[in-house]
There are 2 protein chains.
Amino acid sequence: MTVELISVGTEILMGNILNSNARYLAEKCAMLGFNMYFQVTVGDNFGRLQSVIRTALDRSDLVILTGGLGPTEDDLTKEACAAVMGVPLVEDAHTKALIEAYFRNNIYREIPQNNWKMTTVPEGALVLDNHNGMAPGLIVEKNGKTAILLPGPPGELYPLFEEQVMPYLQKLRSCVLLSKTMKICGHGESQVESRLLDLIDAQTNPTIATYAKVGEVHVRLTASAADNESAEALLEPVAEEIRRRFGTSIYTEEEGVTLEAALVKLLTEKKLTISTAESCTGGMVSARLVNVPGASQVFMQGMATYSNEAKMRLLGVRQETLKEYGAVSAQTAREMAAGGAKAARTDVCVSITGLAGPGGGSPQKPVGLVFMACCLKGQVKAERWQFKGNREKIREQSVMKALDLVRRCVLEFSDGAAQQAAGEEAGL
Amino acid sequence: MTVELISVGTEILMGNILNSNARYLAEKCAMLGFNMYFQVTVGDNFGRLQSVIRTALDRSDLVILTGGLGPTEDDLTKEACAAVMGVPLVEDAHTKALIEAYFRNNIYREIPQNNWKMTTVPEGALVLDNHNGMAPGLIVEKNGKTAILLPGPPGELYPLFEEQVMPYLQKLRSCVLLSKTMKICGHGESQVESRLLDLIDAQTNPTIATYAKVGEVHVRLTASAADNESAEALLEPVAEEIRRRFGTSIYTEEEGVTLEAALVKLLTEKKLTISTAESCTGGMVSARLVNVPGASQVFMQGMATYSNEAKMRLLGVRQETLKEYGAVSAQTAREMAAGGAKAARTDVCVSITGLAGPGGGSPQKPVGLVFMACCLKGQVKAERWQFKGNREKIREQSVMKALDLVRRCVLEFSDGAAQQAAGEEAGL
């Protein structure tokens, strides 16, 4: 089974945007065990679109197209694909109703005329409802070839793919492919790779691949077998060996669970509340925590104290500390965390203060220097990091390390509590 | 002059890496005024490589290939390109000398046999010395078509392109291409397009394209002319007409300026300080503001008050308000903004409270319902929005609308102040 990607969009050809959809889809197709030999990007031009679709359907079994499904005159993917496949476009009553409902619930009263364009689909197409936008996804099958048309915005594409395209593609496969992703914090990619080198070199089934992400590394095992049970049996011994090597550095093995979600789960289990005190990250940690459904159980309050005044007034950081050590220092990070926990009346408070640049660095305190601290029931642990990259990358790495710092503190704390409890039980 | 990109690499097809080279080269080519109609990614396979190179040389004047120039057996780009163009590979004495020198200065004493592969070049090719690696860049011209072969690692590609390919391409270019992006808030893409339809339909030079982003729309004008001045003269009347139609909804015309950067600039100009009081967005607005270099001039403090308790304690929201209207209400949003400005002692405070889902909705207050308010020197303006999409999308839209709300309030406020000043001057 060969699959080919066609990305439609002049903004990609002009270099305005990075084609992250192609990577996303390529990764998913590789996970599914499909062979991908070609990826093509083409602009919003009817003739050129038709030509690349024709070539793709000639040389590949399955063609996934993204972009060009919207309401504007530029959007021609559906039209070109229907023309090449020789399928007429017909109005889809269900999609029409959804679009009408969308506008009824929206502030825009009138439906712009061009939106009706989105209600037509290639005759006989499988229509995939788009819960995050208006243009539906479409699957068109003809003469043993399949075209899957998906919206370009990642916020629409990803959920649509996960929820509706993935199950469809899984059915096309003859064997079962089972994947497990183990997400590891606190080690770089080359570190993870060298620790797994013997396993990677010996890999056949399951395969082992590492993916470097910001502040974390994902190790993905993929086993292929006749059924789920056999695939699971192939996967589990290798997973167990990786667990033995990385221990609690693996923060989750569940698909779709982020570091912040793992942390919220852990805090909920341990019945600990949390607050944040952020300087250079300005609320990124609190925003991440709040993005976890159910975070309200543990997250109480976020304080973005960018100015020294706010650090003093809101968190009780002492003026002398700021004067003597500076805002970017372990001492300030400690006082921010301790003061934040007190101000927000939470069990835990995590603080970040650093130099995200581009300006403001010095030989003693270069750009990328970040201090963070975690205060847990009065105990404060501080860490110093030196990150590389631009402002955004420094901030993103800071967030990941801070979330992991809290995770480690909570794990240590509960280990300590468990030992103490065991000791008390034993009468020590 | 049309140019086509071919990225060679199985790691792109497997989704292991993001194809940032393609974006880089596309942007450079657009800047140079070349038309790019196709980008293709292909793996390290001789037959498939030949086929995409043949197609590219048929339909485009200039083909830029990246990757597959290294010493391993997998590296086939040069071989495939020479075969398609019918040019023999010959040893290049200069490249051979450079590679020998490289190994002399390197820790590896012996030159691995496969490295000699890199010393051959297509006969008659222009050889571009690679100062950051071993495989040289190559320019091959034949029958009015040009192939440019470049190494894949960005650390080799970028300097090689800037220093040697750019000057070569500049000589080929016959005209100048000038672009302007106008960023618009408060209108959907189809709304913007319908308002510009007559201009879009009549477009030839400059061309007009709209790009939908989260909570904003970008309109890009591109003019092509003999020189910069003539291009500017073509661009300006159309830009002026768009300004007339959208007025202050255009928040910037500068490349690379985000809505938050435009807001920070506006606040700095008006000498207004700002704080944030966020519930469902949990610090996303403050994180955005802090990401603008120089934000410390205006941004004082961010408060992420997710719990009702924090809303009361930190922002002074009244218990009766929360009881009577609920946390997600215009009344609560108003009290959050007013209380936040007071607590942080800032001129402006913007608040957001809403239901980002996935759970928690009701017929009266469905998921996606978001209230926001802006308090500016004691005057509070509140807005109600109903957003669509998943939790993340609802939050992202909320952030954009909140930033725009502040922007509009500040503009109205300064208009009012200007009118008042003018009135006072006129003795009214």
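Please refer to the structure placed before this passage.
Figured I'd write up the structure that's included with this text. Source: prediction; values computed, not measured.

1. A closer look at the packing of helix 2 (residues 20-31) of chain A against helix 6 (residues 154-172) of chain A
Residues and elements named next belong to chain A. Between helix 2 and helix 6, whose axes approach to 11 Å, the crossing angle comes to 15 degrees. On the basis of their axis angle, the class for helix 2 and helix 6 is roughly parallel. The interaxial crossing formed by helix 2 with helix 6 has right-handed handedness. Here Ser20, Asn21, Tyr24, Leu25, Lys28 and Met31 of helix 2 lie close against helix 6, whose contacting residues are Pro154, Leu157, Tyr158, Phe161, Glu162 and Met166. Within the contact of helix 2 with helix 6, the residues separate by chemical class into 8 nonpolar, 2 polar and 2 charged.

2. Comments concerning the sheet that holds strand 10 (residues 207-213) of chain B
Residue and element names in this part refer to chain B. On the basis of which strands lie adjacent, the open sheet formed by 4 strands has the order 10-11-9-12 and antiparallel pairing. Taken across any chain shown, the strands that pair with only one partner, and hence form the sheet edges, are strand 10 and strand 12 (250-252). On average, each strand axis in the sheet is inclined to that of its neighbour by 35 degrees, with strand direction left out of account. As paired strands, strand 10 and strand 11 (residues 216-225) are joined by 7 bridges and run antiparallel to one another.

3. Considering the interface of chain A and chain B
Contacts between the two partners involve 76 residues from chain A, matched on the other side by 75 residues from chain B. The junction of chain A with chain B conceals about 6200 Å² of combined surface from both sides, 53% of it contributed by carbon and sulfur atoms. At the boundary of chain A and chain B, one finds 1 salt bridge. For the salt bridge of A:Glu156 with B:Lys393, the shortest nitrogen-to-oxygen distance reads 3.7 Å. Between chain A and chain B we count 33 residue pairs in polar contact (both at pLDDT 80 or more) in total. It is strand 2 (residues 35-42) of chain A that contributes the most residues to the side of chain A that touches chain B, 7 residues altogether. Counted by class, the side of chain A that touches chain B contains 37 nonpolar, 26 polar and 13 charged residues.

4. What about the pairing of strand 16 (residues 369-376) of chain B?
Residue and element names in this part refer to chain B. Counted residue by residue, strand 16 has 8 buried out of 8 residues, so it is predominantly covered. Taking every second residue as pointing to the same face, both faces of strand 16 are buried, with Leu369, Phe371, Ala373 and Cys375 on one and Val370, Met372, Cys374 and Leu376 on the other. Strand direction decides the pairing type here: strand 15 (residues 348-354) and strand 16, joined by 7 bridges, are antiparallel. By the bridge assignment, Gly354 is partnered in strand 16 with Val370. Here 8 bridges tie strand 16 to strand 17 (residues 379-386), and the two strands are oriented antiparallel to one another. Each bridged residue has a counterpart across the sheet, and for Leu376 the counterpart in strand 17 is Gln379. Here strand 16 folds back onto strand 17, and the loop between the two strands holds 2 residues, one of which, Lys377, carries a positive phi near 50 degrees.

5. Observations concerning helix 2 of chain A
Residue pairs three or four apart in sequence face the same way in an α-helix, which turns once every 3.6 residues. All names here are of chain A. Given a rise of 1.5 Å per residue, 12 residues ought to cover 16 Å, and the 17 Å separating the end C-alpha atoms of helix 2 matches this to within 8%. Extensive coverage of helix 2 is indicated by the burial of 10 of its 12 residues. Asn21, Ala22, Arg23, Tyr24, Leu25, Ala26, Glu27, Lys28, Cys29 and Met31 are the residues of helix 2 that are buried. Just downstream of helix 2, Gly33 is the residue with a positive phi angle, here 85 degrees.

6. Here's the deal with the environment of B:Cys29
Residue and element names in this part refer to chain B. Along the chain, the position of Cys29 falls in helix 2 (residues 20-31). Classification of Cys29 as buried rests on a relative accessible area of 0%. In this view, Cys29 contacts Val3, Phe34, Met36 and Ile64; residues no more than four positions away in its chain are not counted.

What counts, and at which threshold
- Residues numbered from 1 in each chain as written.
- Chains lettered and ligands numbered in written order.
- Predicted model: local features only at pLDDT ≥ 70, side-chain atom pairs only at ≥ 80, totals over all residues.
- Heavy atoms only, no water.
- Axes fitted to C-alpha atoms, helices over the stretch in contact; angles between N-to-C directions.
- Helix = DSSP H or I, 4+ residues; strand = E, 2+ residues; numbered from the N terminus.
- Parallel < 35°, antiparallel > 145°, perpendicular 65-115°, else oblique.
- Left-handed = near helix turned anticlockwise from the far one by under 90°.
- Contact = heavy atoms within 4.5 Å.
- Nonpolar A, V, L, I, M, F, W, Y, C, P; charged D, E, K, R; others polar.
- Pairing = 2+ DSSP bridges.
- Buried area = accessible area lost by both parts, 1.4 Å probe.
- Salt bridge = Lys/Arg side-chain N within 4 Å of Asp/Glu carboxyl O.
- Polar contact = N/O pair within 3.5 Å; in protein donor to acceptor, adjacent residues only side chain to side chain.
- Buried < 20%, exposed > 50% of the residue type's maximum accessible area, 1.4 Å probe, protein only.
- Expected span 1.5 Å × (residues − 1).

Remember, this is a structural readout, not a statement about activity or role.
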